[in-house]
Amino acid sequence: MSNLASTSVRRCAPGDLGALARLFDAYRQFNGKGLALEAGRDFLERRLATGEASVFVADAENSRVIGFTLLYATYSSVSLGRVFIVNDLYVAAPFRRRGVGSALLQAAADHARHEGAVRLTASTAIENVPTQILNEANGFIRDRSYLVYHMRTNG
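Residues numbered from 1 in each chain as written. Predicted model: local features only at pLDDT ≥ 70, side-chain atom pairs only at ≥ 80, totals over all residues. Heavy atoms only, no water.

(A) Looking closely at helix α2 (residues 37–50). Here α2 spans 20 Å end to end across 14 residues, near enough to the 20 Å set by a 1.5 Å rise per residue. Within α2, the full set of buried residues consists of Gly 40, Leu 44 and Arg 47. Around the axis of α2, the buried residues are gathered within 65° of arc, so they sit on the same side. Away from the buried face of α2 by more than 90 degrees, exposed residues Glu 38, Ala 49 and Thr 50 are located. Where α2 is buried, its residues meet α1 (17–30), β2 (53–59) and β3 (65–76). Following α2 by one or two positions, Gly 51 has its phi on the positive side, about 75°. (Helix = DSSP H or I, 4+ residues; strand = E, 2+ residues; numbered from the N terminus. Expected span 1.5 Å × (residues − 1). Buried < 20%, exposed > 50% of the residue type's maximum accessible area, 1.4 Å probe, protein only. Arc of directions from axis to C-beta. Contact = heavy atoms within 4.5 Å.)

(B) Structural view of the packing of α1 against α2. In the contact formed by α1 and α2, the axes pass within 9 Å of each other and the chain directions differ by 120°. Accordingly, the angle class assigned to the pair α1 and α2 is oblique. Between α1 and α2 lies a crossing of right-handed hand. Every residue of α2 that contacts α1 at Leu 17, Gly 18, Leu 20, Ala 21, Arg 22, Phe 24 and Asp 25 is listed here: Leu 37, Gly 40, Arg 41, Phe 43, Leu 44, Glu 45 and Leu 48. (Axes fitted to C-alpha atoms, helices over the stretch in contact; angles between N-to-C directions. Parallel < 35°, antiparallel > 145°, perpendicular 65-115°, else oblique. Left-handed = near helix turned anticlockwise from the far one by under 90°.)

(C) Expanded view of the sheet that holds strand β5 (residues 119–122). Ordered by their spatial adjacency, 5 strands build an open sheet running β1-β2-β3-β4-β5, and the pairing between neighbours is mixed. Of all strands in the sheet, those with a lone pairing partner are β1 (8–11) and β5, marking the two edges. For this sheet the average axis-to-axis angle between neighbouring strands, irrespective of direction, equals 25°. Two strands pair when backbone bridges link them, and β3 and strand β4 (residues 81–91) are joined in this way by 10 bridges, in the antiparallel orientation. Looking across to β4, one finds that Leu 71 is bridged to Val 86. (Pairing = 2+ DSSP bridges.)

(D) Main features of the packing of aromatic side chains. As enumerated under the stated definition, the model contains 7 aromatic pairs in all. Seen in terms of ring centroids, Tyr 27 and Phe 68 are 5.7 Å apart; in terms of plane orientation they differ by 85°. Their pairing is edge-to-face. Taken together, the residues Tyr 27 in helix α1 and Phe 68 in strand β3 connect sequence positions 41 residues apart. For Tyr 27, a relative accessible area of 13% puts it in the buried group. Residue class for Phe 68 comes out buried when judged on its relative accessible area of 0%. Plain terms: the ring middles of Tyr 27 and Tyr 90 are 6.0 Å apart, the flat faces sit at 65° to each other, and that makes the pair edge-to-face. With Tyr 27 in helix α1 and Tyr 90 in strand β4, the pair connects residues that are 63 residues apart, well separated along the chain. Of the two residues examined, Tyr 27 and Tyr 90, each falls in the buried class. Put simply, the rings of Phe 24, Tyr 27, Phe 30, Phe 43, Phe 68 and Tyr 90 touch in pairs and so form one group of aromatic residues. We note Arg 47 situated over the ring of Phe 43; from NZ or CZ to the ring centre the distance is 4.6 Å. Stacked on the ring of Phe 30, the Lys or Arg Arg 96 has its end atom at 5.5 Å from the ring centre. (Phe/Tyr/Trp six-rings, centres within 6.5 Å; stacked < 30°, edge-to-face > 60°. Lys NZ or Arg CZ within 6 Å of the ring centre and 35° of its normal.)

Structure follows, in structure tokens:
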């Protein structure tokens with residue numbers, strides 16, 4: 001059930017870094033990584049300071065940061081345009097299934113449109129069915145033309 005009346009989404013501000021870092025660490029742990037709060041905070045601080053990432057946060061009624069999405073810009077040579085990647089999306093467990101993820105994806109889409117991007121791209125683990133449902137409910141279309149490959153270069 002949606003509870004968007006008590007939730008707002010906005011661009012991440014410098015004062016959000018502490019709360020964002022805690023959520024970011026929870027997100028990383030959700031994805032099988034170990035506790036790394038300070039390293040995650042440093043990572044986020046660098047991305048924000050250099051403008052390498054666009055981050056949107058969801059606030060609960062009490063101004064508590066309860067979710068975030070982190071976007072990276074890249075380009076499509078074939079489309080001759082800018083593309084934004086929804087690299088990370090996370091909502092704290094007690095606030096899931098209330099429309100927060102959808103609100104964050106809408107903010108990402110609005111940002112991509114405002115920046116003139118030709119596409120907004122998101123990926124998720126094959127077993128992460130809830131995020132697949134969320135993406136598709138918010139207008140993302142599963143790619144049936146391309147496979148994605150990765151090459152580990154460090155670590």
